[in-house]
Amino acid sequence: EWQTDNIATIELRLQPCDAKIPFTLPSLDRLERRLASLLAADEGNNSNNSNTENASSLKPYLSNLCVSDEYRGKRIGRALVQCV
């Protein structure tokens, strides 16, 4: 019987490239960005309007990378980061 073991995991998210540190929950990110764009619109500054974001403005964001204890020190994490 064929079996696989997970030795490492990586979590990537698509995020706007706006220098904000994302929340753990993507729904909180969306809420925070909407509130920020509403506040900016109230102040007459529409440069950070999340409604104008499209798929081309999103960039991959590495949220988490974990390597199993017995496989650490074998450059697995480094290889995963280089793949991203």
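Residues numbered from 1 in each chain as written. Predicted model: local features only at pLDDT ≥ 70, side-chain atom pairs only at ≥ 80, totals over all residues. Heavy atoms only, no water.

All right, on to the overall build of the protein chain then. Each helix and strand in the protein chain was counted, giving two helices and two strands. For the protein chain, the succession of helices and strands along the chain, N to C, is β-α-β-α. Looking at the protein chain as a whole, 14% of its 84 residues are labelled buried. Taking all contacts inside the protein chain whose residues are at least 6 apart in sequence as the whole, residues at least 24 apart take part in 58%. In the structure as shown, the protein chain presents an accessible area of about 7000 Å², 52% of it carried by carbon and sulfur atoms. (Helix = DSSP H or I, 4+ residues; strand = E, 2+ residues; numbered from the N terminus. Buried < 20%, exposed > 50% of the residue type's maximum accessible area, 1.4 Å probe, protein only. Contact = heavy atoms within 4.5 Å. Areas by Shrake-Rupley, 256 points an atom, 1.4 Å probe, with all protein chains shown as cover.)

A few words on the environment of P60. Inspection of the secondary structure puts P60 in strand β2 (residues 58–67). Looking at P60, the relative accessible area reads 53%, which means it is exposed. With 48 residues separating them along the chain, P60 and L12 place their C-alpha atoms 6.2 Å apart. In this view, P60 contacts R13 and L14; residues no more than four positions away in its chain are not counted.

Here we come to the pattern of salt bridges. Any two side chains of opposite charge can pair, given that their charged atoms come close. For the structure on display, the rule yields one salt bridge. Of the charged contacts in the structure, one is a salt bridge between R72 and D69, with a shortest N-O distance of 3.2 Å. Overall, the relative accessible area of 52% leaves R72 in the exposed class. Taking the relative accessible area as the measure of exposure, D69 reaches 60% and is therefore exposed. (Salt bridge = Lys/Arg side-chain N within 4 Å of Asp/Glu carboxyl O.)

Moving on: the side chain of R13. Looking at the secondary structure, you find R13 in strand β1 (residues 8–16). Those residues in contact with R13 that sit more than four places away from it in its chain are P22, F23, T24, L25, P26, D29, K59, P60, Y61 and S63.

A contiguous nonpolar surface patch, about 550 Å² in accessible area, is contributed by F23, L25, L28, L31, L35 and L38. Tracing the chain through its elements places L38 in helix α1 (residues 26–42). Judged by its relative accessible area of 53%, L38 is exposed. (Patch = residues over 30% accessible without salt bridge, like charges linked within 9 Å, V, L, I, M, F, W, Y side chains within 5 Å.)

It is worth spelling out the environment of P22 at this point. Within the secondary structure, P22 is located in the loop between β1 and α1. C-alpha of P22 to C-alpha of Y61: the two residues are 39 residues apart in sequence and 9.0 Å apart in space.

Functional significance is not addressed by these values, which are geometric in nature.
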